Amino acid sequence: AYSEDEDPTVFSVEALTQIAVDLGLDEAAFAGCLDSEAKGAEIEENMTMAREDGIRTLPTLLVGDVTIQGRKPLEPYIQAIEEALSAPQTQ
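These notes cover the structure that comes with them. Keep in mind that what you see is a predicted model, and the values were worked out from it rather than measured.

Cut-off values and rules
Residues numbered from 1 in each chain as written. Predicted model: local features only at pLDDT ≥ 70, side-chain atom pairs only at ≥ 80, totals over all residues. Heavy atoms only, no water. Helix = DSSP H or I, 4+ residues; strand = E, 2+ residues; numbered from the N terminus. Buried < 20%, exposed > 50% of the residue type's maximum accessible area, 1.4 Å probe, protein only. Salt bridge = Lys/Arg side-chain N within 4 Å of Asp/Glu carboxyl O.

1. Thoughts on the environment of Ile68
Residue placement: Ile68 occurs in strand S2 (residues 66-69). According to the relative accessible area criterion, Ile68 is buried, its value standing at 6%. For the pair Ile68 and Ala80, spaced 12 residues apart in the sequence, the C-alpha separation amounts to 8.6 Å.

Following this line, the structure appears as structure tokens:
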């Protein structure tokens with residue numbers, strides 16, 4: 001699911017393929033993998049884990065005890081990471 005301010009075309013096949021090309025990946029190999037559904041079971045497992053964690057919006061980032069949902073400016077990410085790094089470590 002996407003939040004109201006999110007653009008679902010960000011995750012379209014075309015957009016993902018362009019990101020792969022921009023990263024220097026082999027376009028044909030990436031498209032073949034995407035089309036083959038070879039990772040389908042892994043994706044379903046990840047989606048199940050996300051639902052169990054209460055994640056309903058893309059993108060969502062979990063940092064320590066903080067959940068950041070939807071596209072945000074950089075500051076909330078920096079703050080969440082800094083808080084997680086400064087939290088007492090449990091073993």
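2. A look at the pattern of salt bridges
Enumeration according to the criterion identifies 1 salt bridge in this entry. Note that Lys39 is salt-bridged to Glu42, the shortest N-O span being 3.6 Å.

Read these as geometric descriptors, not functional statements.
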